[in-house]
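The lines below spell out each chain.
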Amino acid sequence: MIKLIIFDLDGTLINAYPAVEETVNFTMKHFGLPPVDSETIKRTVGWGDRHLIGTFVGDHRVEEAIKIYRAHHEHALLQGSSLLPGALTLLQSLKKQGFLLAVASNRPKKYSLIVTKHLGIDHFFDCILCGDEVSRAKPFPDILNELMKQFDCLTEETVYVGDMVIDVETGKAAGVKTVAVTTGSSSFEELKKAGAWQMIERVDEVGALLMMSSFG
């Protein structure tokens, strides 16, 4: 029986790509570098903001760039983020049913809290755990293992929902069933090839999956 449902954040429950794009290109402009197109940025997210901005400005600028990026992003999130269709209804339903809910994101904790509070979903989660709070971020399983340990849940009592190949890899490494939603930066074909347990087009389809006997 499933007790704990863990969600990735960006591309799974929220759309913060506009905020990320704005902040990346604000940082690029600071260094006199050409802007990066939205699709390239979208395909680069998921491994944390340091990796993201370092990809575009180069390792030799990353320490200065990350400070600029984070200072700007704090404000950009308030204008350039929104809930994905069905996310709010799903969280309300799952909470009402008594499931333990958590977030596992490579986004730094400070910004995860800013965006979940801004979008009014922070109170649904029993824990929000981020890549800067564990020894190894995704795709290593540490973040999922820590959440299962915290809630005393077994792998067969846990489901992870994400939108990227990195999420599928993380779930497989932790030994939990991973549901991949195609609203993020990895394609259906990429997620299927990675070995997602189930594929869905909208995050609120998780509710129907929980009714399946194979889920328990």
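Everything here concerns the structure above.
Residues numbered from 1 in each chain as written. Predicted model: local features only at pLDDT ≥ 70, side-chain atom pairs only at ≥ 80, totals over all residues. Heavy atoms only, no water.

Relative to the elements of secondary structure, alanine 196 occurs in the loop between helix H9 (188-194) and strand E8 (198-200). Residue alanine 196 is classed as buried on the basis of its relative accessible area of 16%. Separated by 18 residues in the primary sequence, alanine 196 and threonine 178 place their C-alpha atoms 5.7 Å from one another. (Helix = DSSP H or I, 4+ residues; strand = E, 2+ residues; numbered from the N terminus. Buried < 20%, exposed > 50% of the residue type's maximum accessible area, 1.4 Å probe, protein only.)

Turning next to the packing of helix H3 (residues 49-57) against helix H4 (residues 62-79). Relative to each other, H3 and H4 sit at 120°, their axes nearing to 9 Å. As far as their axial angle goes, H4 and H3 are oblique. Of the two possible hands of crossing, H3 and H4 adopt the one that is right-handed. Along the contact surface, H3 presents Asp49, Arg50, Leu52, Ile53, Gly54 and Val57, while H4 presents Val62, Glu63, Ala65, Ile66, Tyr69 and Arg70. Class assignment of the residues belonging to the contact of H3 with H4 gives a composition of seven nonpolar, one polar and four charged. (Axes fitted to C-alpha atoms, helices over the stretch in contact; angles between N-to-C directions. Parallel < 35°, antiparallel > 145°, perpendicular 65-115°, else oblique. Left-handed = near helix turned anticlockwise from the far one by under 90°. Contact = heavy atoms within 4.5 Å. Nonpolar A, V, L, I, M, F, W, Y, C, P; charged D, E, K, R; others polar.)

Under the criterion given, the structure shown has twelve salt bridges. A salt bridge links arginine 202 to aspartate 204; its shortest N-O distance comes to 2.8 Å. By relative accessible area, arginine 202 is classed as partly exposed at 38%. Given a relative accessible area of 27%, aspartate 204 falls into the partly exposed group. What you see here is one network of salt bridges that share partners, running through Asp8, Lys138 and Asp167. (Salt bridge = Lys/Arg side-chain N within 4 Å of Asp/Glu carboxyl O.)

Now for empty space enclosed by the protein. Applying the stated criterion across every chain yields a total of one cavity of 30 Å³ or more. Taken together, 22 residues form the lining of the largest cavity, with Asp10, Val45, Gly46, Gly48 and Arg107 sitting closest to its centre. Of all elements in the fold, only helix H1 (17-30), H3, H4 and helix H8 (165-174) reach the threshold of two or more residues within the lining of the largest cavity. When its residues are assigned to classes, the lining of the largest cavity shows ten nonpolar, five polar and seven charged. (1 Å grid on protein atoms, 1.4 Å probe; cavity = no way out; pocket = protein on both sides within 12 Å on 5 of 7 lines; lining within 4 Å. Points joined across faces, edges and corners; volume = space filled by probe spheres on them.)

Attention shifts here to the side chain of serine 81. Summarising the element assignment, serine 81 is placed in the loop between H4 and strand E3 (82-83). Classification of serine 81 as buried rests on a relative accessible area of 11%. Within the structure, the side chain of serine 81 is placed 2.5 Å from the backbone oxygen of leucine 77, a separation counted as a polar contact. Not counting residues within four places of it along the chain, the set of residues in contact with serine 81 comprises Asn15, Ala16, Val115, His118 and Leu119. (Polar contact = N/O pair within 3.5 Å; in protein donor to acceptor, adjacent residues only side chain to side chain.)

We now examine the pairing of strand E1 (residues 4-7). Residue alternation in E1 divides its side chains into two sets, Leu4 and Ile6 and Ile5 and Phe7, and both sets are buried. The sheet contact formed by E1 and strand E4 (residues 100-105) spans four bridges and is parallel. Paired with isoleucine 5 across the bridge in E4 is leucine 101. Summarising the sheet, E1 and strand E6 (residues 158-162) pair through four bridges and their orientation is parallel. In the sheet register, isoleucine 6 faces E6, and the bridge partner there is tyrosine 160. (Pairing = 2+ DSSP bridges.)

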